[in-house]
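One letter stands for each residue in the lines below.
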Amino acid sequence: MFQPFLLKPGTSSSEVLKVIRVLTNEKKWGKAEIVARQGLRAFPKNHELFIEFTKILAETNRHTDAITALQGGINSSPLEPNLYLELQNHYFRMRDFKSMEVNHKNFLNAWSRGLRNVHRRRKAMVFYGLSAVLSLYRSDYSAIDRWSAQLLAAKPIEAASKTAPRRTISTSQRPHVGFISTQITGHAVSRFIGPLLLNLTDRNKYTLFYDIDEGTDKGLSKTEQFLHKAHSKINIVKISSDNAKESCSAIQKEEIDILIELAGHFSGAPTNILAMKPAPIQASWIGYPSHPGLSCIDYFLTDSFCQPETDYLGDFRHKIYQFGRFFSIYEDETFDDVKSDWQPAEMVRFGSFNNISKLSHATLETWAQVLKNLPQSTLNLKFVASYPYELDQIKRFFHSHGLLERVAIMDTSPNHSKHLEQYSHIDIALDTFPYCGTTTTCEALNMGVPVVTLLGGDHLSRVGAGILRSVGCEELIATSEQDYVQKAVTLAIDSKRLKHYHKSLKDMFLSSPLSD
């Protein structure tokens, strides 16, 4: 029987948090809530208690109460970046971009009032990353840069940037290129950067600076295996994102001419290190679907198809480097052990394994039209919902269209091989927009599943089309939402063409520039 947790004189907030986390790990939400409420009465300004409390509310499908609680926490502790960060997370999961903008402005106001002097820079950087995600939907890079200038202007950054003199690049020899990442294995980025690192030919001209972010790098033993294989190909230096000054010194010590970061603003991004400008030229590649909007990033590496227009980037339009071919390669050794057992079914099975954050309202509306135009069809979705209300949002949408019975939410897979095997239960993959899939599109094609995508105007919304174009499947690229529906339905009713794709797509991918 649960013994009520009673705060005794001298009980610390850390002890309360420990009890809450034990209960939440056991999914005892009701008991955890009782303890959290007691803790907040005793420690009303403890941001960690506020965050644990709001997570409990969200897990029990009370996201409105969670948002209200976070707003109350911000009123009590207006200089705590973690509270703004958690609130931004909730707004983003609800696709409430207007509230994200308001929260963003409130954070800026707090920053100008004194947050910049609070030594919580790491979380402040993470919040900046979430706000930058908003810029992907608004294309307002000038606003992001103005904020980055404020964020990175504090004295600790300026002092750290003086750890070594600035270098100039020699034009008489090949530049020394460095890569910096926390996502070496266990993350999708590794399937794009790994093949390149393992095929380098001049170890003295390339250095990998790595840190392990346990939130993103799930395969620590795989990391060790990868580093062992890569050691003969590339110089390897361990750094710590939590100690930006030492990491900056380590990079400068290696005399790097061009430093390429692989995370943008996503989890584990070394933004605080890059801000010190440890290399003369710094570029962003693969991990983030646009220029990060940071003045310390000199170039965004893309290609002339995925990023044909740059004017909308404002001052950053001059910071785009375009390859003449597709901007990356892709390789996943797991495909060697996984064989598709796809067979046509009575009802056409559409599907998407894209991240739930990419399921925009326009995407869902278009998928609904596809299903309505083809009554003998179903839709298989697979994603990880952080909280129940995210899943409920999706279900409510399809229920409002009378389509919920034809939509299946597939279970997540215990490992990567099982994940790939689930593509055998899809006839046609439907891409998301404006934020297209990249890894999932490569996976689908390697498993023989054709992908229908919508062509947009920038890298974020053209990468799916870029992949299909490289593989030789331009006919699957739609130019409008109506065209998207038409292409999906037309392919679904052409069984001969569908069988051809499932038989030949893997070989088409392996013979394309994506595997070169």
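Here goes a summary of the coordinates provided. In this text, all values refer to a predicted model and were calculated from it rather than measured experimentally.

Reading the values: rules and limits
Residues numbered from 1 in each chain as written. Predicted model: local features only at pLDDT ≥ 70, side-chain atom pairs only at ≥ 80, totals over all residues. Heavy atoms only, no water. Phe/Tyr/Trp six-rings, centres within 6.5 Å; stacked < 30°, edge-to-face > 60°. Buried < 20%, exposed > 50% of the residue type's maximum accessible area, 1.4 Å probe, protein only. Salt bridge = Lys/Arg side-chain N within 4 Å of Asp/Glu carboxyl O. Helix = DSSP H or I, 4+ residues; strand = E, 2+ residues; numbered from the N terminus. Polar contact = N/O pair within 3.5 Å; in protein donor to acceptor, adjacent residues only side chain to side chain. Contact = heavy atoms within 4.5 Å. Pairing = 2+ DSSP bridges. Axes fitted to C-alpha atoms, helices over the stretch in contact; angles between N-to-C directions. 1 Å grid on protein atoms, 1.4 Å probe; cavity = no way out; pocket = protein on both sides within 12 Å on 5 of 7 lines; lining within 4 Å. Points joined across faces, edges and corners; volume = space filled by probe spheres on them. Nonpolar A, V, L, I, M, F, W, Y, C, P; charged D, E, K, R; others polar.

1. Some words on the packing of aromatic side chains
So, step 1. If you walk through the whole model with that rule in mind, you get nine aromatic pairs.
So, step 2. Taking the centre distance of 4.6 Å and the plane angle of 40° together, the rings of Phe326 and Phe327 count as tilted. Like Phe326, the residue Phe327 is buried in the burial classification.
So, step 3. Where Tyr330 meets Phe335, the ring centres are 6.4 Å apart and the plane angle is 55°; that geometry is what we call tilted. Across the pair, exposure class does not vary: Tyr330 and Phe335 are buried alike.

2. Re the pattern of salt bridges
So, step 1. Within this structure, the stated rule accounts for 13 salt bridges.
So, step 2. The residue Arg62 makes a salt bridge to Glu33 at a minimum N-O spacing of 2.6 Å. Separated by 29 residues along the polypeptide, Arg62 in the loop between helix H3 (47-59) and helix H4 (63-76) and Glu33 in helix H2 (residues 29-42) bring together distant segments of the chain.
So, step 3. What makes Arg62 partly exposed here is its relative accessible area of 26%.

3. Examining the side chain of His459
So, step 1. With respect to the element layout, His459 can be found in helix H18 (residues 459-471).
So, step 2. A distance of 2.8 Å separates polar atoms of two side chains, one belonging to His459 and the other to Thr302.
So, step 3. Residues in contact with His459, not counting those within four places in the same chain, are Pro289, Phe300, Thr302, Cys306, Gln307 and Phe327.

4. As for the sheet that holds strand E1 (residues 177-181)
So, step 1. Pairing in this open sheet of seven strands is parallel, and the strands run E3-E2-E1-E4-E5-E6-E7 from one edge to the other. At either end of the open sheet lies a strand with only one pairing partner, and these are strand E3 (235-238) and strand E7 (320-323). Looking at each pair of strands side by side, their axes are set apart by 25° on average, direction ignored.

5. Concerning empty space enclosed by the protein
So, step 1. In total, this model carries four cavities of 30 Å³ or more according to the counting rule given.
So, step 2. One number sums up the size of the largest cavity: a volume of about 80 Å³.
So, step 3. If you go around the largest cavity, you meet 13 residues; those closest to its centre are Ser352, Phe353, Asn354, Ala429 and Thr440.
So, step 4. Broken down by secondary-structure element, the contributors of at least two residues to the lining of the largest cavity are strand E8 (348-352), strand E11 (428-430) and helix H17 (439-446).
So, step 5. At three residues, H17 tops the list of elements feeding residues into the lining of the largest cavity.
So, step 6. Partitioning the lining of the largest cavity into residue classes produces seven nonpolar, five polar and one charged.

6. Focus: the sheet that holds E11
Strand pairs in the sheet, formed through backbone hydrogen bonds, run parallel or antiparallel to each other.
So, step 1. Pairing is parallel across the open sheet formed by six strands, whose spatial order is E10-E9-E8-E11-E12-E13. With partners counted over all chains shown, the strands left at the sheet margins are strand E10 (407-409) and strand E13 (477-478), one partner each.
So, step 2. Running at roughly 150° to strand E9 (residues 377-381), helix H14 (residues 361-373) makes contact with E8, E9, E10 and E11 of the sheet.
So, step 3. Helix H19 (residues 481-492) contacts E8, E11, strand E12 (451-454) and E13 of the sheet and is inclined by roughly 170° relative to E12.

7. Points about the pairing of strand E2 (residues 206-210)
So, step 1. Among the five residues in E2, five count as buried, and that is most of the element.
So, step 2. Across four bridges, the pairing between E2 and E3 is parallel. Within the sheet, the bridge partner assigned to Phe209 lies in E3 and is Val237.

8. Describing the pairing of E1
So, step 1. Judged by how many residues are buried, E1 sits mostly within the fold: five of five residues are covered.
So, step 2. The two faces of E1 match: Val177, Phe179 and Ser181 on one face and Gly178 and Ile180 on the other face are all buried.
So, step 3. Strand direction decides the pairing type here: E1 and E2, joined by five bridges, are parallel. Among the inter-strand pairings, Ser181 is bridged to a residue of E2, identified as Tyr210.
So, step 4. Bridging between E1 and strand E4 (residues 258-261) involves four bridges; their strand directions are parallel. Directly across from Gly178, in E4, lies its bridge partner Leu259.

9. Considerations on the layout of surface pockets
Where empty space is left can be seen by rolling a probe of water-molecule size over the atoms.
So, step 1. In this structure, the second largest pocket encloses a volume near 440 Å³.
So, step 2. Among the secondary structure elements, those contributing two or more residues to the lining of the second largest pocket are E4, strand E5 (281-284), strand E6 (299-303) and E7.
So, step 3. Per-class residue counts for the lining of the second largest pocket are 13 nonpolar, one polar and two charged.

Everything listed here is a matter of geometry and, on its own, says nothing about what the molecule does.
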